[in-house]
Amino acid sequence: MRINQIKKSLSNSTFLIPTLLFFFFAVMYPFFSGFNIAFTNWDGISPKGEFIGLNNFINIFHDPDIIRPIRISVEYALLNTFFINLVALILALGVTNAYRGRTIHRMIFFMPTALSSVLAIFIWNYIYGEVLPEIFGISNPIASMSTVIPAATLITVWGGCGVAMVIYIAALSSVPTEMYESAKVDGANAMHRLFKITLPLIMASFTINITINFTSSLSSTGLFLVATGGGPAGSSESMGLYIYNNLFIYNRAGYGQALAYLFLLIVVISGVVLSTIFRKREVEM
Amino acid sequence: MTARGNVGKWFMVAAMWLLAIVFIAPFYIAIVTSLKSPAESALSGISLPQVLHFENYVEALKMSSFFLALKNSLIFTIVSVILIVFCSSSAAYIIARNLNKRYYRFWEKIFLAAIMLPFEVIMIPTYKFLYEVDLINTLAGAIMVKVGLSIPFAIFMYIGFIKSIPRELEESAKIDGAGPIRTFWQIVFPLLQTITSSLIALQMMWTWNDFNVSLILLQKDAVKTIPLQQFIFFGQYTSNFNLAFASAIVSMIPIYLFFGIAQKYIVSGLTAGAVKG
C-alpha cells in the first residue's frame, strides 16, 4: 500500500515537473529574486549593486516624476477600457442582427487583432502623420502633448476591440430569444429591450472584458515605447515604460524594480475592485 | 411600426458598413503605400498607385534581413507552443483530477494568480537572471521565459475543460494495466482536442506577435524575431515609408495565412476562456 502510494505520487510528479521547472525559472525565481534587486542600487550594467535597504522604496515617495507615469497609465487605461468596450459592444450588437454582410463584417472587425502591436502602431503613425493632415488638415495628433494619449488609445481600440467583440457576441447569443419575444408583446421598444434585458443578462462578459482590458492597459509598455518612445517630452511615459527606462536608460534598475512592485500593487487592487463591482451586478440566468 | 422598424434596420446596416470601411481603411492605406514611389505618396496618402512599384518589396526584403527574422520567429513560436501544450495539458490533468488534495489546490491558485502578473513586474530580474546564466540573446532563453509566462493561462483553460470529462475511460484503462502516463497521452489527451486546438491557435498568435519578452531578451540582430526586427527597421526607414510598408505587408502574410486557417479556433478559445473566467 505504502509503496503504491509513493509510486503514485512519483508518477503524479512526472506530470507536474516540466511545468514547475518552466514556471519556477521564468516566473517564481524572477519574482522573488526581484526583491534582492529592489534592495540594492544596481544600475543594470555592472554585475551587481550594493545593498541599500529600503531606500528605493522610500525614494518612490520623494520622486517628483512618479505621479506622471501613474497618471498617464491610469488615464490611458480608463480611456482604452471605456472605448474598447463601447465599440466592441456596438459591433457585437450590430453583427448579431440578421443582415447580409454580417459574416464579413465580423471578420473585418476581428482582423486587426492578428497584427502585432508594432505593425498596428506603424500603420497608425503613418495615418496620423501623413493621411489625416492630408484629409482633414490637422496636425499629427500623436506628436502633441495634449492628444498623444487619445491618439494612442485609438490605435489599441482598433487593434483590440475584436477580442472583446467576440466575447460579447458569445454572451449575446446565449440570451434566450423568448425573452425578447415576450418583451415585444409587452410593448417594450428596442432601447428598453437593450437596457432592461440584454445588458443585465450579459453582465458577466462586462466583468471579464473590463477587468482584463483595464489591468492589461495599465501595464502597457510596448505601445508607448514603439508609438512615441514616451514623448513628446515624457507625456506618454507609462508606468511600464518608466520601469523599462529605469533599467535600460536611467541606469537605476534597483529603483525600477521597487517601482515594479508598487505597480503590481496598483494592478492587483484595481483588478480586485473592478471585478467585485461588476460581479455584484451580474444576474443569474 | 414595421415601416419604422425597417428604417431603423436600414440605418443599422448602413452604420455597420461604414464601421467596416473605417476598420479596413488602415489595411488599404498600408497596401497602396507599399506599392507607390516616395514621390507619389508624398502627393497623396490615400490615392491608388499609378504604377505598381513591386521593387519596393524586393528591396525591403533585402534590407530588413526578413528571412533571418522569419526563421527566428518560426523557431521561437513553434517550440514555445509545443512546450506550452505539452507541459500545461499534463499538469492541468493531474491538478484537475486531484483537486480534493490541498497540494494541488495550492498550485491551481498559484497559476490562477500568475495569469494576472504583468511581465513588467519581473522584467528587470528576468533580464538579470538570463544575463547571469548566459541565456540572454538566445532563442532558448526567450523560449523558456515565454513558456513559463504562458503556462498559467493554458493550465487554467485545460483544468476547466478536463473537469467536464468523465473519469470512466481512465478507470477502465487503469484496469487494463495502462500506467498513468500512457493513460494520459493515449486516452485523455485525444479527448482534449477541442481545447488543445484553440490553445495552439491563441498561443501561436500571441507568441508570434510577442513584443515585450523579445524586446528585453533578444537584443542581438542574429536572434531578433519579426516584430522586433520591424521595430528597428521602421525606426531607420521613416524617410522611406514605401519600403517600410512593403516590409510590413510581407510580415503580415504569414500572420494572415495562419489566421485564415485558425480564426475559428482563436474565436472559440477566447470565448471558452471568457466563460470560464
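Residues numbered from 1 in each chain as written. Chains lettered and ligands numbered in written order. Predicted model: local features only at pLDDT ≥ 70, side-chain atom pairs only at ≥ 80, totals over all residues. Heavy atoms only, no water.

### What about the overall build of chain B?
A tally of regular secondary structure across chain B gives 13 helices and 0 strands. On C-alpha atoms alone, chain B measures out to a radius of gyration of 24 Å, which is more than a quarter above the 19 Å that the 2.2 N^0.38 rule sets for 277 residues. Taking the principal axes of its C-alpha atoms as reference, chain B extends roughly 75 × 70 × 35 Å. When burial is assessed residue by residue, chain B has 53% of its 277 residues classed as buried. Contacts in chain B between residues far apart in sequence, at least 24 positions, make up 71% of those at least 6 positions apart. As displayed, chain B offers around 12,900 Å² of accessible surface, 69% of which is attributable to carbon and sulfur atoms. Within chain B, the 13 negative side-chain charges are centred at a point lying 9 Å from the centre of the 20 positive side-chain charges. (Helix = DSSP H or I, 4+ residues; strand = E, 2+ residues; numbered from the N terminus. Rg over C-alpha atoms; globule rule 2.2 N^0.38 Å. Buried < 20%, exposed > 50% of the residue type's maximum accessible area, 1.4 Å probe, protein only. Contact = heavy atoms within 4.5 Å. Areas by Shrake-Rupley, 256 points an atom, 1.4 Å probe, with all protein chains shown as cover. Lys, Arg positive; Asp, Glu negative; His and termini not counted. Charge placed at Lys NZ, Arg CZ, Asp CG, Glu CD.)

### Things to note about empty space enclosed by the protein
All names here are of chain A. In this structure the tally under the stated criterion is 1 cavity of 30 Å³ or more. Counted as a void, the largest cavity has a volume near 30 Å³. Ile 70, Ser 73, Val 74, Leu 218, Met 239, Phe 263 and Ile 266 together form the lining of the largest cavity. Those elements that provide at least two residues to the lining of the largest cavity are helix 3 (67–95) and helix 12 (253–280). Here the element with the most residues in the lining of the largest cavity is helix 3; it accounts for 3 residues. (1 Å grid on protein atoms, 1.4 Å probe; cavity = no way out; pocket = protein on both sides within 12 Å on 5 of 7 lines; lining within 4 Å. Points joined across faces, edges and corners; volume = space filled by probe spheres on them.)

### Quick notes on the side chain of B:Ser88
The topology assignment puts B:Ser88 in helix 4 (residues 66–96). If we skip the residues at most four places from it in the chain, B:Ser88 touches A:Thr19, B:Ile151, B:Ala154, B:Ile155 and B:Tyr158.

### Some points on the packing of aromatic side chains
Taken as a whole, this structure holds 46 aromatic pairs over all chains when the rule is applied. Judged by centre distance (6.3 Å) and plane angle (40 degrees), the rings of A:Phe122 and B:Phe241 are tilted. Here A:Phe122, found in helix 5 (residues 117–136), pairs with B:Phe241, found in helix 13 (residues 241–276), and the two come from separate chains. When the ring centre of A:Trp42 is taken as reference, the NZ or CZ atom of B:Lys128 above it lies at 5.2 Å. (Phe/Tyr/Trp six-rings, centres within 6.5 Å; stacked < 30°, edge-to-face > 60°. Lys NZ or Arg CZ within 6 Å of the ring centre and 35° of its normal.)

### Here's the deal with a nonpolar patch on the surface
Together, A:Ile135, A:Phe136, A:Ile138, B:Tyr28, B:Ile46 and B:Leu48 make up a nonpolar patch on the protein surface, roughly 570 Å² of accessible area in all. Positionally, A:Ile138 belongs in the loop between helix 5 and helix 6 (148–172). (Patch = residues over 30% accessible without salt bridge, like charges linked within 9 Å, V, L, I, M, F, W, Y side chains within 5 Å. Salt bridge = Lys/Arg side-chain N within 4 Å of Asp/Glu carboxyl O.)

### A word on the pattern of salt bridges
All names here are of chain B. Considering all chains together, one arrives at 5 salt bridges over all chains under this definition. Two residues, Glu 170 and Arg 97, come together in a salt bridge whose shortest N-O distance is 2.7 Å. Highlighted residues: Glu 170 in helix 8 (residues 168–175) and Arg 97 in the loop between helix 4 and helix 5 (102–115), separated in sequence by 73 residues. For the residue pair Glu 170 and Arg 97, the accessibility class agrees, reading buried in each case. In this structure, the salt-bridge partner of Lys 146 is Asp 210, at a minimum N-O distance of 3.1 Å. Highlighted residues: Lys 146 in helix 7 (residues 139–163) and Asp 210 in the loop between helix 10 (193–208) and helix 11 (212–217), separated in sequence by 64 residues. For the pair Lys 146 and Asp 210, one class covers both residues: buried.

### A closer look at the domain arrangement of chain B
For an interface, size is often stated in terms of accessible area lost upon the parts coming together. All names here are of chain B. By the assigned domains, chain B splits into domain 1 (2–53) and domain 2 (57–276). With centres defined by C-alpha atoms, the gap from domain 1 to domain 2 works out at 34 Å. Across the contact, 10 residues belong to domain 1 and 9 residues belong to domain 2. Both faces considered, domain 1 and domain 2 share a buried interface measuring about 720 Å² in area, 66% of it formed by carbon and sulfur atoms. Of all residues in domain 1, Phe 27, Ala 30 and Ser 34 bury the most surface against domain 2, accounting for 52% of the area lost on that side. If you look at where domain 1 meets domain 2, you find 3 residue pairs in polar contact (both at pLDDT 80 or more). Among the elements of the structure, helix 1 (2–34) and helix 2 (38–43) are those that each provide at least two residues to the side of domain 1 that touches domain 2. Of the residues forming the side of domain 1 that touches domain 2, the biggest block, 5 residues, is contributed by helix 1. Among the residues making up the side of domain 1 that touches domain 2, the classes are represented as 5 nonpolar, 4 polar and 1 charged. (Domains from an automatic or database assignment. Buried area = accessible area lost by both parts, 1.4 Å probe. Polar contact = N/O pair within 3.5 Å; in protein donor to acceptor, adjacent residues only side chain to side chain. Nonpolar A, V, L, I, M, F, W, Y, C, P; charged D, E, K, R; others polar.)

### Quick word on the environment of A:Gly49
Residue and element names in this part refer to chain A. By the secondary structure assignment, Gly 49 is in the loop between helix 1 (2–38) and helix 2 (55–60). Given a relative accessible area of 22%, Gly 49 falls into the partly exposed group. Sequence-wise, Gly 49 and Pro 176 are 127 residues apart; in three dimensions their C-alpha atoms are separated by 62 Å. With residues up to four places along the chain from it excluded, the contact list for Gly 49 reads Thr 40, Asn 41 and Trp 42.

### Observations regarding the environment of B:Lys128
Structurally, B:Lys128 can be placed in helix 6 (residues 119–132). Put simply, B:Lys128 and B:Ile94 are 34 residues apart on the chain and 33 Å apart in space, counted from C-alpha to C-alpha. Apart from the residues within four sequence positions on either side, B:Lys128 is in contact with A:Ile37, A:Trp42 and A:Pro47.

### Section: the packing of helix 5 of chain B against helix 7 of chain B
Residues and elements named next belong to chain B. Packing of helix 5 against helix 7 leaves a shortest axis separation of 8 Å and a crossing angle of 130 degrees. Classified by the angle between their axes, helix 5 and helix 7 sit oblique to one another. For the pair helix 5 and helix 7, the crossing hand works out as left-handed. In this structure, helix 5 uses Glu 108, Phe 111, Leu 112, Ala 114 and Ile 115 to contact helix 7, whose residues at the interface are Ile 151, Pro 152, Phe 153, Ile 155, Phe 156, Ile 159 and Lys 163. Residues belonging to the contact of helix 5 with helix 7 are distributed by class as follows: 10 nonpolar, no polar and 2 charged. (Axes fitted to C-alpha atoms, helices over the stretch in contact; angles between N-to-C directions. Parallel < 35°, antiparallel > 145°, perpendicular 65-115°, else oblique. Left-handed = near helix turned anticlockwise from the far one by under 90°.)

### Digging into a positive patch on the surface
A surface patch of positive charge is lined by A:Lys8, B:Lys101, B:Arg167 and B:Lys174. With respect to the helices and strands, B:Arg167 occurs in the loop between helix 7 and helix 8.

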